[in-house]
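# Topology and contacts: notes
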Amino acid sequence: MMIHPQFDPIALSLGPIQVHWYGFMYLLAFVAAYALAWYRSSKREGWTTDMVSDLVFFGALGVILGGRIGYVLLYQFDEFLANPAYLFKVWEGGMSFHGGFIGVALAMIYFARKYKKPIFTVLDFIVPCVPTGLLFGRIGNYINGELWGRVSDGGYNWLTYFPQAANADSALITTNPALQSLMIQFEDSYLLPRHPSQLYEAFAEGLLTFIIVWWFSSKPRPRMAVSALFMLCYGISRFTIEFFRQPDEGYQLIFGWMSKGQLYTLPMLIFGVILMVLAYRRQQYDWGKYAA
């Protein structure tokens, strides 16, 4: 087991300019998305580099605005009411996938209308490029030492002591003295071993989902099927890993086990199943030998 390295939040300093790790991860995410979208455009008719540039630009706006607004409204609404300026403190971390997903969906609707393309033609084109952004984003969460996992007594080698969770750990030890057998002292705090759930999510929501959706989209599929598979892969990954992630502070688990993240993910899973069924019933193709 290891103690979280507590990385310097500043990744790069150039005179008065400071680049935070979280911002750097988002930059990598957008660069990766553009490169992958450009590659896909070279393999598809009806897509140009100008379209790709607009698509990634609108998508980036949707991610940043939707992700931040979604996080603040869904997870930190009390903080927002007490300090509305908190909404703009993006460098402190805190982005909601579900808010970002809605933001990107709205941006893609605008793009589809601008270029007169069916919305799911656009979504099927871009969603295989999305998981790499999730990969970098979750790595950013880990570097920031935020969104840590639940306490575990499993003794696994990869469990991590998060100094950033010192207050939460102290509260747990106070209410459950049996946890004292797991704690270590670090500086002036006592820490408990936790799952590095940020890395679990980076692997499942990011790398694994990318591999599956990219492979699936490499061959002609019915319109909506690629978008549906992305929703299912992300939804299953997120829903599963929430069992290892620390629930939001002050949130009462539904039925004693369902977290807020799982609750927000359920509609995505349901919608993904519906879309997949509709896709294979309608059999509409945007490219390949079956394209109209």
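To keep things clear, this report deals only with the structure shown in the data block. Since this is a predicted model, take the numbers as computed values, not measurements.

The subject of this paragraph is the packing of aromatic side chains. This model, assessed by the stated rule, comprises 19 aromatic pairs. Where Y142 meets F162, the ring centres are 6.3 Å apart and the plane angle is 80°; that geometry is what we call edge-to-face. In this pair, Y142 is assigned in helix α6 (residues 131-144) and F162 in the loop between β4 (160-161) and α7 (166-175), connecting sequence segments 20 residues apart. Judged by relative accessible area, Y142 falls into the buried class, the value being 10%. Geometrically, the ring pair formed by F239 and F243 is edge-to-face, given 6.1 Å between the ring centres and 80° between the ring planes. Note on F239: relative accessible area 17%, which makes it buried.

Let's shift gears to the sheet that holds strand β7 (residues 193-194). Pairing in this open sheet of three strands is mixed, and the strands run β1-β4-β7 from one edge to the other. A strand with exactly one partner marks an edge of an open sheet, and here the two such strands are β1 (2-3) and β7. Sheet topology note: the β4/β7 ladder contains two bridges and is antiparallel. Pairing of Y161 across the sheet is with P193, part of β7.

All right, on to helix α4 (residues 97-115) then. Helix length check: α4 (19 residues) gives 26 Å between terminal C-alpha atoms against 27 Å at 1.5 Å per residue, within 8%. Of all the positions in α4, only F97, H98, G99, G100, G103, V104, A107, M108, F111 and A112 are classed as buried. Looking at the buried positions of α4, the neighbouring elements they touch are α2 (49-75), α5 (119-126), α6, α9 (225-241) and α10 (260-282). Between the side-chain oxygen at the start of α4 and the backbone nitrogen of H98 there is a gap of 3.3 Å, and the oxygen is on S96. Once α4 ends, the next one or two residues include K116, with phi positive near 55°.

An ideal rise of 1.5 Å per residue puts 33 Å on 23 residues; α10 measures up with 34 Å between its terminal C-alpha atoms. Within α10, the axis deviates most sharply at L266, by approximately 25°, and proline P267 lies no more than four positions further along. All of the buried residues in α10 are K260, G261, Q262, T265, M268, L269, G272, L275, M276 and A279. Close packing links the buried residues of α10 with α2, α4, α5 and α9. Where α10 terminates, the next one or two residues include Q283, which has phi positive at roughly 55°.

Under the definition given, this model contains nine salt bridges. Where E201 meets R138, a salt bridge forms, and the shortest distance between an N and an O atom there is 3.4 Å. Here R138 lies in helix α6 and E201 lies in helix α8 (residues 197-217), a separation of 63 residues in the sequence. Each member of the pair, E201 together with R138, is buried. Taking the shortest distance from any N to any O, the salt bridge between R238 and E242 comes out at 2.8 Å. Classification of R238 by relative accessible area gives buried; the value is 3%. Owing to a relative accessible area of 4%, E242 belongs among the buried residues under this scheme.

Conventions adopted
Residues numbered from 1 in each chain as written. Predicted model: local features only at pLDDT ≥ 70, side-chain atom pairs only at ≥ 80, totals over all residues. Heavy atoms only, no water. Phe/Tyr/Trp six-rings, centres within 6.5 Å; stacked < 30°, edge-to-face > 60°. Helix = DSSP H or I, 4+ residues; strand = E, 2+ residues; numbered from the N terminus. Buried < 20%, exposed > 50% of the residue type's maximum accessible area, 1.4 Å probe, protein only. Pairing = 2+ DSSP bridges. Expected span 1.5 Å × (residues − 1). Contact = heavy atoms within 4.5 Å. Polar contact = N/O pair within 3.5 Å; in protein donor to acceptor, adjacent residues only side chain to side chain. Bend = angle between axes of the 7 residues up to and from the residue. Salt bridge = Lys/Arg side-chain N within 4 Å of Asp/Glu carboxyl O.

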